[in-house]
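# Summary of structural features
So the chains spell out like this:
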Amino acid sequence: MKIYNSLTNKKEDFHPISEGKIKMYACGPTVYNYFHIGNARPFLFFDLVKRYFEYQKYDVTYVQNITDIDDKIINKANEENVSTDEIAKKFIKAFYDDTAKLGIRKPDHQPLATEYIQKMIDLISKLEKTGYAYEVEGDVYFSVSSFKDYGKLSGKKLEDLQAGARVEENSNKKSSFDFTLWKKAKPGEPKWDSPWGEGRPGWHTECVVMSQTLLGESFDIHGGGIDLIFPHHENEIAQGEAITGKPLANYWMHNGFLNIKGEKMSKSLGNFFTARDILKLYDSEAIRMFFLSKHYRSPIDFSEELIKESMKSVDNFYSTLKRFEYLKWNTEFSGEYFDDDFKNNFDAAMDDDFNTAKAIAVLFDLNKKIKSDDILDDERKKLIVTLVNLGKVLGFFQNLNLKLKPEITDLSGQLIEVLIEIRNEARIAKNWELSDKIRDRLKKIGVELKDGKTGTDWNLIN
Ligand code: AMP
Ligand code: ZN
């Protein structure tokens, strides 16, 4: 397995610290808004990294933080005249809901920054005692010149940085690239007690503390979007390695941007679509296909055309499963079955720095072969099972039972939905004669209705 490591700018052979075990961390959202479809790229991708390692029988621990205290959250709370807590709670819930809708699984740990404040204070105190940090009037800064490896991830040299930097006004920092570890609270801001007075930790401190607490001083993979290399990840390295002298993470992985009209999609530029809105228009597997059709490090342009194309590719897989009546015989196979040739090609693609575009091409080939006339039924079944099992590694086919119901594309399914709607209107009007008639007549042709709290569902009965 090879992974492109941003630390060395090379594809490297992957060796975990402990045989068979992988510890990975990816930066999560700052919860002050609905996340946009660009943010969804790392969320989806790092879950996929975990899925792939699990398929390769690794025991994976995946941590993704939630930044629930930050200037942006404070600003938003002030704008809306509510507490930061209220803002954070609202958007944490939205984050859970929208990632679930995108088919992204929950990581093993999803720590909130506010639950780790004491540990952050402990780290900052240690950095201060060992000479890496200094306090000025209630603010604490990391002194970048005290850490000899500063710049090793981003490739930036401190001398160059400092030469180009303007001296900030009203700053107590000794050097403009020193970064904030602890920020003194202004009146009305959320605050915690500390040896330097009341305040809150800086963002870079949050991530390093949560990752090292849950995964240890050194772990295997640290990930995030490419914009986080500098200063965020560079500053995590400085804090995480200054005292331990050990690498914070061995492999640093960064996804490319989702662009829109050639520019990074971002909250601050205002050129974004929330994942929530996109999910109202497109199926989550179409969005998944849209992202995975490109290598994770390549930039990708947001295009509704491409999402629609992606939906067609996904539909193609489902129509194969329907045509060959997968749900009728799939229990004949154990969940572990794979055709060797296709599996080998799929693995080779994924082992090459998660080349999902190539892995998807393998699924297309497989789909083509399944549909060809010159294979026997038995072989076809094995290939279909392979398609489903490899597809699941990429996060497709999560709701097979639901998707393979005829309602989604078939006219007959749509007609059943129309009848259910008319029956519900009849029930509201207490026209029991009509509503019972619809139910009974449908039953006679093999469609059973079930009334539940969220509406009426239906199933085919034999
Ligand atoms: P934020 O909530 O802004 O801290 O971002 C959460 C994650 O989304 C980080 O890993 C960012 O690097 C990533 N990200 C932000 N904008 C984009 C984008 N346009 N394309 C891909 N990833 C992004
Ligand atoms: Zn982070």
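Residues numbered from 1 in each chain as written. Chains lettered and ligands numbered in written order. Predicted model: local features only at pLDDT ≥ 70, side-chain atom pairs only at ≥ 80, totals over all residues. Heavy atoms only, no water.

A separate point is the site of ligand 1. Every one of the 18 residues lining ligand 1 counts as a neighbour, but Asn39, Gly225, Asp227, Leu258 and Met265 are closest to it. Taking Met265, its main chain carries an N or O atom lying 2.8 Å from a nitrogen atom of ligand 1. With respect to the detected pockets, ligand 1 is housed in the largest pocket. The residue makeup of the shell around ligand 1, split by class, is six nonpolar, nine polar and three charged. (Near = heavy atom within 4 Å. Polar contact = N/O pair within 3.5 Å; in protein donor to acceptor, adjacent residues only side chain to side chain. 1 Å grid on protein atoms, 1.4 Å probe; cavity = no way out; pocket = protein on both sides within 12 Å on 5 of 7 lines; lining within 4 Å. Sits in = over half its atoms within 2 Å of the grid points. Nonpolar A, V, L, I, M, F, W, Y, C, P; charged D, E, K, R; others polar.)

Turning to the sheet that holds strand E8 (residues 199–201), a few remarks are in order. The antiparallel open sheet is built from four strands, whose spatial order is E5-E6-E7-E8. Looking along the sheet, the strands with just one partner apiece sit at the ends: strand E5 (133–136) and E8. Direction aside, the axes of adjacent strands within the sheet are offset by 20 degrees on average. Running at roughly 120 degrees to strand E7 (residues 179–184), helix H4 (residues 117–129) makes contact with E5, strand E6 (139–142), E7 and E8 of the sheet. (Pairing = 2+ DSSP bridges. Helix = DSSP H or I, 4+ residues; strand = E, 2+ residues; numbered from the N terminus. Axes fitted to C-alpha atoms, helices over the stretch in contact; angles between N-to-C directions. Contact = heavy atoms within 4.5 Å.)

On to the side chain of Glu236, then. When you line up the elements, Glu236 lands in helix H7 (residues 229–242). Excluding residues that lie within four positions of it along the chain, Glu236 makes contacts with Cys27, His204, Cys207, Val208, Ser211, His222 and Leu248.

Counting residues in each nonpolar core, the largest one holds 87 residues, and the members touching the most others are Ile37, Leu321, Phe346, Phe354 and Leu394. Among the elements that take part in this core, helix H1 (residues 40–55) stands out by supplying 10 residues, more than any other. Two domains each put at least three residues into this core: domain 1 (2–131 + 198–260) and domain 2 (304–398). Once residues within four sequence positions are removed from consideration, Ile37 is found in contact with Leu258, Met265, Phe273, Thr274, Ala275, Ile278, Ile287, Phe291 and Phe302. (Core = buried A, V, L, I, M, F, W, Y, C linked by side-chain atoms within 4.5 Å. Buried < 20%, exposed > 50% of the residue type's maximum accessible area, 1.4 Å probe, protein only. Domains from an automatic or database assignment.)

What follows is about the coordination of the zinc ion (ligand 2). Here the zinc ion (ligand 2) is held by the protein donor atoms Cys27 (SG), Cys207 (SG) and His232 (NE2), which lie 2.1 to 2.2 Å from it. Owing to a relative accessible area of 7%, Cys27 belongs among the buried residues under this scheme. (Donors = N, O, S within 2.8 Å, 3.2 Å for Na, K, Ca; no water.)

Turning our attention to the pattern of salt bridges. Enumeration over the complete set of coordinates arrives at 31 salt bridges. Among the salt bridges present, the one from Lys369 reaches Glu379, with a minimum N-O distance of 3.7 Å. With a gap of 10 residues between them, Lys369 in helix H13 (residues 356–371) and Glu379 in helix H14 (residues 377–393) connect regions that are remote in the sequence. For Lys369, a relative accessible area of 34% translates into the label partly exposed. (Salt bridge = Lys/Arg side-chain N within 4 Å of Asp/Glu carboxyl O.)

At a closest axis distance of 9 Å, the pairing of H4 and helix H6 (residues 203–215) adopts a crossing angle of 105 degrees. By the angle class used here, H4 and H6 are roughly perpendicular. Contacts between H4 and H6 involve Lys119, Met120, Leu123 and Ile124 from the former and Thr205, Glu206, Val208, Val209 and Thr213 from the latter. Each residue belonging to the contact of H4 with H6 can be placed in one class, and the counts come to five nonpolar, two polar and two charged. (Parallel < 35°, antiparallel > 145°, perpendicular 65-115°, else oblique.)

Attention shifts here to the environment of Leu390. As for its placement among the helices and strands, Leu390 is situated in helix H14. Sequence separation of Leu390 and Ile360 is 30 residues, and the distance between their C-alpha atoms is 9.4 Å. Apart from the residues within four sequence positions on either side, Leu390 is in contact with Tyr55, Phe338, Phe342, Lys343, Phe346, Leu363 and Leu366.

The next thing to look at is the layout of surface pockets. As a volume, the largest pocket reaches approximately 740 Å³. Around the largest pocket, the lining is made up of 33 residues, and of these Asn39, Lys72, Asp227, Leu228 and Lys264 lie nearest the centre. Going through the elements one at a time, H1, H6 and strand E9 (219–225) are the ones with two or more residues in the lining of the largest pocket. No other element matches the three residues that H6 contributes to the lining of the largest pocket. Partitioning the lining of the largest pocket into residue classes produces 14 nonpolar, 14 polar and five charged. Its volume calculated, the second largest pocket comes out at about 640 Å³. Together, 30 residues line the second largest pocket, and Asp71, Tyr141, Lys173, Thr180 and Lys183 are the ones closest to its centre. The set of elements that each furnish at least two residues to the lining of the second largest pocket consists of E6, E7, E8, H6 and H7. Among the elements that take part in the lining of the second largest pocket, E7 stands out by supplying four residues, more than any other. (Points joined across faces, edges and corners; volume = space filled by probe spheres on them.)

Any link to function would need more than the numbers given here.
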